[in-house]
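Here's the letter readout for the chains.
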Amino acid sequence: MVVVRILEFLPAYSYSMAFGSVASIASTKFDLNSFGWVPGNRFDDEMFYKDRDFYLSFFHMTISAPSPAYFMNRVYQSMIGATLIWLYLDHVISSNRGASYRFYFFLERKYWVRICGIDAKKARNNKKKAIGANINDILGNQKLVDSVENEMQRVIENEQNETYADGLRIIDIGKIYRKLPFGMESPKDVHAVKGIYLEVEKNELLCLLGHNGAGKSTLFNMMTGIIAPTSGMAKICGLDVREDQDQIRKLMGVVPQFDILWNQLSAAEHMRMFSKIKGVPNHLIEQECDDLLTQVDLLDVKDA
Ligand SMILES: Nc1ncnc2c1ncn2[C@@H]1O[C@H](COP(=O)(O)OP(=O)(O)O)[C@@H](O)[C@H]1O
Ligand SMILES: [Mg+2]
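These numbers come from a predicted model, not from an experiment. (Residues numbered from 1 in each chain as written. Chains lettered and ligands numbered in written order. Predicted model: local features only at pLDDT ≥ 70, side-chain atom pairs only at ≥ 80, totals over all residues.)

*Asks:* Any chance you could explain the site of ligand 1 here in plain terms?
*Replies:* Y177, V190, A192, G210, N212, G213, A214, G215, K216, S217 and T218 make up every residue found near ligand 1. Those elements that provide at least two residues to the shell around ligand 1 are β6 (190-200) and α9 (216-223). Among the elements that make up the shell around ligand 1, the one with the highest residue count is α9 (three residues). Classifying every residue of the shell around ligand 1 gives four nonpolar, six polar and one charged. (Near = placed C-beta within 6 Å. Helix = DSSP H or I, 4+ residues; strand = E, 2+ residues; numbered from the N terminus. Nonpolar A, V, L, I, M, F, W, Y, C, P; charged D, E, K, R; others polar.)

Written as structure tokens, this is what we have:
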């Protein structure tokens with residue numbers, strides 16, 4: 001009865017079996033012989049743990065049905081199992097949450113280091129250097145515009161010398177939008193961003209121009225962790241965009257090209273929501289919210 005064994009892991013099936021067997025004893029039934037309703041029997045505690053035998057008169061056989069407790073255990077087991085599977089897939093499949101983990105992430109020390117929040121800085125410093133190549137190896141025979149080549153040189157040198165990136169440092173970042181799941185290649189893949197090197201120092205302003213479809217939004221989405229880079233990496237204030245988004249989110253603000261205000265939310269509700277996203281501690285949220293609304297002269301309509 002393999003099918004039944006599999007069915008048992010569907011919470012709805014197991015629950016209905018458990019419930020059904022309690023109900024068959026305890027509920028009021030309509031009896032065809034006396035043509036009237038007969039009240040159910042008392043359902044004692046021990047009956048919950050007892051298997052029951054049913055005589056099937058048509059087949060002249062007796063079958064044994066597991067106890068309600070057995071089925072309820074199955075419900076709990078499948079709930080725990082489903083939660084574990086969900087957690088695992090949520091880490092491994094990179095969908096909306098951006099950067100994904102390796103399929104064996106739970107075996108990696110750095111995962112638990114990050115989860116526990118202990119010596120996160122130390123782990124980051126121990127990380128091996130991102131690039132070891134020099135510019136000629138990367139370029140080969142291809143010739144880039146001088147300014148692009150100079151920037152590339154500067155980024156590579158800074159990274160190799162482990163100069164702290166106090167702004168933004170983008171190292172050979174690339175994005176290929178795959179048509180197929182699990183990184184499988186297909187002729188329809190879109191190579192949206194190809195090996196960009198760029199460094200923007202603190203207090204510098206950089207303007208990124210490009211025609212439609214040049215890959216500007218893709219680059220931004222990689223910086224903000226909305227999508228994961230296919231290759232390369234970037235650092236924001238020394239933090240890796242592939243791995244340290246939790247901390248980056250606290251430092252970075254993004255104004256997208258579309259309107260992100262909701263008609264349903266008041267000004268204060270917007271502030272509270274973004275405070276949560278940016279990790280403002282709960283007890284500071286209301287004060288922060290009032291301060292910001294005061295700055296833009298919207299305090300009097302905060303809940304309007
Ligand atoms: N989610 C996606 N799936 C597949 N292709 C995409 C996706 N997003 C963008 N692209 C493609 O990647 C390229 C770069 O797009 P985008 O980064 O939006 O450019 P820009 O913001 O500079 O206009 C375009 O060819 C676009 O069609
Ligand atoms: Mg765009």
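We are not done yet, so read on.
*Asks:* Just to check I follow, could you spell out the pairing of strand β4 (residues 61-65) for this structure?
*Replies:* Look at any regular strand and the pattern is simple: side chains alternate between the two faces of the sheet. Within β4, only zero of the five residues are buried, leaving the element largely exposed. Both strand β3 (residues 52-56) and β4 contribute to a ladder of five bridges, which runs antiparallel. Bridge assignment links Y55 to a residue of β4, and that residue is T62. Taking the residues that link successive antiparallel strands as the turn, the β3-β4 hairpin has four residues, and the phi of H60 there is positive, at about 50°. (Buried ≥ 20, exposed ≤ 12 C-beta atoms within 10 Å, placed from the backbone. Pairing = 2+ DSSP bridges.)

*Asks:* Please explain helix α8 (residues 146-160) as it appears in this structure.
*Replies:* One turn of the α-helix equals 3.6 residues, which is why residues spaced by three or four share an orientation. Here α8 spans 21 Å end to end across 15 residues, near enough to the 21 Å set by a 1.5 Å rise per residue. Those residues of α8 lying buried are M152, V155, I156 and E159. Looking straight down α8, one finds that the buried residues subtend no more than 95° of arc, so they occupy a single side. The outward face of α8, more than 90 degrees from its buried face, is lined by the exposed residues D146, S147 and E157. Directly beyond the C-terminal end of α8, a positive phi value near 55° is found at E162. (Expected span 1.5 Å × (residues − 1). Arc of directions from axis to C-beta.)

*Asks:* What's the story with the sheet that holds strand β7 (residues 231-236) in this structure? I'm lost.
*Replies:* The strands making up a sheet associate through hydrogen bonds between their backbones, and the pairing can be parallel or antiparallel. Pairing is antiparallel in the open sheet, where four strands are placed in the order β6-β5-β7-β8. Each edge of the sheet is formed by a strand with only one pairing partner; in this case those strands are β6 and β8 (239-240). Judged from the seven bridges that link them, strand β5 (residues 168-177) and β6 form a sheet pairing that is antiparallel. Paired with I173 across the strands is I196, a residue of β6. Packed on one face of the sheet, α8 meets β5 and β6 and runs near 70° to β6. Strand contacts of α9: β5, β6 and β7, with the helix running at about 65° to β6, the strand carrying the most contacts. (Contact = placed C-beta atoms within 7 Å. Axes fitted to C-alpha atoms, helices over the stretch in contact; angles between N-to-C directions.)

*Asks:* Help me understand the nonpolar core, please; the structure alone is not making it clear to me.
*Replies:* Generally speaking, soluble globular proteins have nonpolar side chains that are buried together. Counting 17 residues, the largest nonpolar core has I170, I171, I173, I196, Y197, M222 and A234 as its most contacted members. The dominant element in this core, judged by the number of residues it contributes, is β6, at four residues. Not counting residues up to four positions away in its chain, the partners in contact with I173 are V193, I196, M222, P229, G232, M233 and A234. (Core = buried A, V, L, I, M, F, W, Y, C linked by C-beta atoms within 7 Å.)

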